[in-house]
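Coordinates in review
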Amino acid sequence: QVQLEESGGDLVQPGGSLRLSCAVPGSIFSIYTMGWYRQAPGKQRELVASITSRGSTNYADLVKGRFTISKDNAKNTVYLQMTGLNPEDTAVYYCNAHREVVTIGNTNYWGQGTQVTVSS
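Read on for a plain summary of the structure. (Residues numbered from 1 in each chain as written. Predicted model: local features only at pLDDT ≥ 70, side-chain atom pairs only at ≥ 80, totals over all residues. Heavy atoms only, no water.)

1. Things to note about the overall build of the protein
- Regarding its fold elements, the protein presents one helix and eleven strands.
- The linear arrangement of helices and strands in the protein, starting from the amino end, is β-β-β-α-β-β-β-β-β-β-β-β.
- What you see for the protein is a C-alpha radius of gyration of 14 Å, in line with the 14 Å of a compact globule of 120 residues.
- Counting only C-alpha atoms, the protein reaches 50 × 30 × 25 Å along its principal axes. (Helix = DSSP H or I, 4+ residues; strand = E, 2+ residues; numbered from the N terminus. Rg over C-alpha atoms; globule rule 2.2 N^0.38 Å.)

2. Considerations on the side chain of Arg38
- Within the secondary structure, Arg38 is located in strand E4 (residues 33–39).
- A polar contact is formed between the side chain of Arg38 and the side chain of Glu46, at a distance of 2.7 Å.
- A polar contact of 3.0 Å, which involves the side chain of Arg38, links it to the side chain of Tyr93.
- With residues up to four places along the chain from it excluded, the contact list for Arg38 reads Gln44, Arg45, Glu46, Val48, Leu62, Val63, Phe67, Glu88, Asp89, Ala91, Val92 and Tyr93. (Polar contact = N/O pair within 3.5 Å; in protein donor to acceptor, adjacent residues only side chain to side chain. Contact = heavy atoms within 4.5 Å.)

3. Description of the sheet that holds strand E1 (residues 5–7)
- Pairing is antiparallel in the open sheet, where four strands are placed in the order E1-E3-E8-E7. What marks the edges here is a single partner per strand, and that holds for E1 and strand E7 (67–72). Averaged over all pairs of adjacent strands, the angle between strand axes in this sheet comes to 15°, irrespective of strand direction.
- Note: strand E3 (residues 18–23) against strand E8 (residues 77–82), six bridges, orientation antiparallel. Its bridge partner being in E8, Ala23 is matched across the sheet by Thr77. (Pairing = 2+ DSSP bridges. Axes fitted to C-alpha atoms, helices over the stretch in contact; angles between N-to-C directions.)

4. Some thoughts on the pairing of strand E11 (residues 114–118)
- Burial along E11 is one-sided: Thr114, Val116 and Val118 are buried, and none of Gln115 and Thr117, which face the opposite way, are.
- Inspection of the sheet shows strand E2 (residues 11–12) paired to E11 by two bridges, in the parallel sense. The partner of Leu11 across the bridge, within E11, is Thr117. (Buried < 20%, exposed > 50% of the residue type's maximum accessible area, 1.4 Å probe, protein only.)

5. Points about the state of the cysteines
- Within this structure, the stated rule accounts for one disulfide.
- Shown here is the disulfide that connects Cys22 with Cys95, its sulfur atoms set 2.1 Å apart. Handedness of the Cys22-Cys95 disulfide follows from its S-S torsion of about -85°: it is left-handed. Within this pair, whereas Cys22 is found in strand E3, its partner Cys95 is found in strand E9 (residues 91–101), the two being separated by 73 residues in sequence.
- Cys22 sits in the buried class, given a relative accessible area of 0%. (Disulfide = S-S within 2.5 Å.)

Encoded structure:
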């Protein structure tokens, strides 16, 4: 069983910043695309940002310029630095590891989620 362990969720005021962390097993970290998703109450889970094993990044339009995904290869950890937070960013944030292999198909692993609440 692969465990992804998120941390860093908290209550923050509008305009504030927060950094989420996701600890990843080394065997996963080096070859999987890592991503952060979020799910707000009553809404579908959506991709926030992703980073490939080679370091290429991708962001949802809503967070471009505010959020930054990065990874520390020495610590097998993926981060999501969030700035300029607004109440619409309130959600449970999930860490995801994804890999697609032609002969195997898609493999996804998820963390348990960490709550981010933006409120005054």
